Amino acid sequence: MRSAAMDEHADAGQALRERLKEITCLYEIRRGMGLELSLDNVCQQIFKHLIPAMQFPEIASAMIELDGRRFTSDNHGQGRTHELQSKINANNEPCGELRVFYPEDKPFLVPEEQRLIDAVASDLERWFERKQIDEALRERLKEITCLYEIRRGMGLELSLDNVCQQIFKHLISAMQFPEIASAMIELDGRRFTSDNHGQGRTHELQSKINANNELCGQLRVFYPEDKPFLVPEEQRLIDAVASDLERWLERKRLEQTLVSIAEEHQRSIGQELHDNLGQQIAAIGYQATALERKISASGSGDVATVAASIASQAQDAVMQCKQLAQGLLPFELESNGLTDALRAFASRIAVTYKITCDFVCKNNVIIKDKNFALNLYRIAQEATNNAIRHGRAQHVTISLASEEKKLRLSICDDGGGFVDFNKKNEVTPGMGIKIMQYRARQLGATLEFLSPHERGVEVRLEMRVV
């Protein structure tokens, strides 16, 4: 007969083996609970190690119900009503349970197996909470990155189409399901859509766009019906992007107004110089010439010389008024177009400053849009004046070319360059350069300041044309 000591020793060994199974099970489950894994993968890891730790692993099965989803072990089937279970809470709220099943005729080792199931459920709770925090942080990082890239792009763009495409590029990538999301911006009677936008996308989030306290459009993001949004996270992001677009639009309108006012002011001054001040100075010149003739007839030669000098200076002043008026009010641009206006401008610069100023045009560039032509003319004008006044250039070449649906305007000089021109071909912009950059961005063009040689600067504008 077996002694009591032997039975006690056997029971102790069995208890140690069960305890070792529990410890091994928990170790393997915890080791495999990486935040990079999906919920499905983690549940399968639990089944893999929990079932072998049970008293009868060959017939045990398990189920996890969590966050509205159900996961089962491979051998799970019907007729398994004898079970142990443990509730799963996350952030102090019930969100599911872990259940382990045996057939009716196989009892659990209570409390040992219940304790193991509770420990696994507790581990799953902590993993699920960390996973939720990790996913929230990832979503927040996506939002921050999205807004940063959109705002950075808006600072460099003045073309509405380009700004909308920048928004689509970064906003769609930040959505929960970027591979199927699409977006649309309706603004000032125009519609812009992302590349993948199509029919049947009626499940949407939207945000109104106001500028200067007036409704002017909306931003809309679409999913197919079966893919819900992360509300309020994605709504908050869309609202933030719409708000950024509002501010950009208000700033653009303000800049357009300021440039229009400056242009109108130049036009007004040019008209005044041409029609009034120039005429008055010319009248003074005529009167001084008549006075010279009368004085000469009376025999007062010295006084006649003074009168002749006044007439000569008045004539010079009239020429300067005409040149200023032509610079402020480019008559040739309105009557003959951009090419003739730039050619006349180059000739006028050469005569006025006694330098060489050439105009070269390739492929007979014709621009019918008056605002388009005016912006190009003003950029050429500002760049040429900068080259002469600041760079002390003696030779300036203005070239205009259109090749392979690309328009290029270049102003190249042999002067001393910009005072604040650095090795990266960047300048510290004054007001004139800022306005040039504004005009270029308004056209959707790139404007570069290049230093091709030891001396001189090339101001180069390039843009695609349809």
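Everything here concerns the structure above.
This is a predicted model, so every value here is computed, not measured. Each chain has its residues counted from 1, following the order in which its sequence is written. With the structure being a predicted model, the display of local features is reserved for residues of pLDDT at least 70 and the display and counting of side-chain atom pairs for 80 or more, all residues being used for whole-chain, interface and lining totals. Computation of side-chain values covers all heavy atoms of the structure but excludes hydrogens and water.

**Q** I keep staring at the packing of aromatic side chains and nothing clicks. Help me out?
**A** Between two aromatic rings, the relevant description is the distance of the centres plus the angle of the planes. For Phe, Tyr and Trp, where Trp contributes only its six-membered ring, two rings pair if their centres lie within 6.5 Å, and the inter-plane angle classes them as stacked under 30 degrees, edge-to-face over 60, or tilted in between. Scanning all chains against the criterion turns up 3 aromatic pairs. Aromatic side chains F177 and Y223 sit 5.7 Å apart centroid to centroid with 70 degrees between the ring planes, which places their arrangement in the edge-to-face category. Taken together, the residues F177 in the loop between α4 (160-173) and β5 (182-187) and Y223 in strand β8 (residues 214-223) connect sequence positions 46 residues apart. Judged on exposure class, the residue F177 and its partner Y223 are both buried. Working definition: helices are DSSP H or I runs of at least four residues, strands are E runs of at least two. Numbering for both runs from the N terminus. Burial status follows relative accessibility: with a 1.4 Å probe on protein chains alone, a residue under 20% of its type maximum counts as buried, one over 50% as exposed, and anything between as partly exposed.

**Q** In this structure, what is going on with helix α9 (residues 370-389)? I would like to understand it.
**A** Each α-helix winds once per 3.6 residues, and so residues spaced three or four apart point in a common direction. What a helix should span is 1.5 Å times the count of its residues minus one. For α9, spanning 20 residues, the distance from its first C-alpha to its last is 28 Å, which sits close to the expected 28 Å at 1.5 Å a residue. With 16 of 20 residues buried, α9 lies mostly within the body of the structure. Pairing of N or O atoms within 3.5 Å defines a polar contact, subject to two protein rules: one partner must be a possible hydrogen donor and the other a possible acceptor, and residues neighboring in sequence count only if both atoms are side-chain atoms. For α9, the N-terminal capping position is held by D369, with its side-chain oxygen 3.0 Å away from the main-chain nitrogen of N371.

**Q** Is there a simple way to think about the side chain of E186 in this case?
**A** In this fold, E186 is placed in strand β5. A polar contact is formed between the side chain of E186 and the side chain of R191, at a distance of 2.7 Å. For E186, the side chain forms a polar contact with the side chain of Q218, separated by 2.7 Å. Here, residues are in contact when the closest pair of their heavy atoms is within 4.5 Å. If sequence neighbours within four positions are ignored, E186 has contacts with R191, C216, G217, Q218 and R220.

**Q** Looking at this model, I keep getting lost on the pattern of salt bridges. Mind explaining?
**A** Note on pairing: side chains with opposite charge can pair once their charged atoms come close. When a carboxyl oxygen of Asp or Glu lies within 4 Å of a side-chain nitrogen of Lys or Arg, that pair is called a salt bridge. Going through the model one piece at a time under the given rule, you end up with 22 salt bridges. With its nearest N and O atoms 2.4 Å apart, the salt bridge here joins R126 to D123. Taken as a pair, R126 and D123 lie in helix α3 (residues 112-154) at a separation of 3 residues, close to a single helical turn. Using a relative accessible area of 40% as the deciding quantity, one classes R126 as partly exposed. Taken together, the shared-partner salt bridges in this structure form one network comprising E65, R70, E83 and R99.

**Q** How should I be thinking about the sheet that holds β8 in this particular structure?
**A** Hydrogen bonds between backbone groups are what pair the strands of a sheet, and the pairing can be parallel or antiparallel. Being paired, for any two strands, means DSSP has found at least two bridges between them. Taken in spatial order, the 4 strands line up as β6-β5-β8-β7 in an open sheet, and their pairing is antiparallel. Whereas interior strands pair on both sides, the edge strands pair on one side only; in this sheet they are β6 (190-193) and β7 (203-211). Averaged over all pairs of adjacent strands, the angle between their axes in this sheet comes to 15 degrees, without regard to strand direction. Inspection of the sheet shows β5 paired to β8 by 6 bridges, in the antiparallel sense. The partner of L187 across the bridge, within β8, is G217. Each axis is a line fitted through C-alpha atoms, and for a helix only the stretch in contact is used; angles between axes span 0 to 180 degrees, taken between their N-to-C directions. The strands touched by α4 within the sheet are β5, β6 and β8, with β5 carrying the most contacts at an inclination of about 150 degrees.

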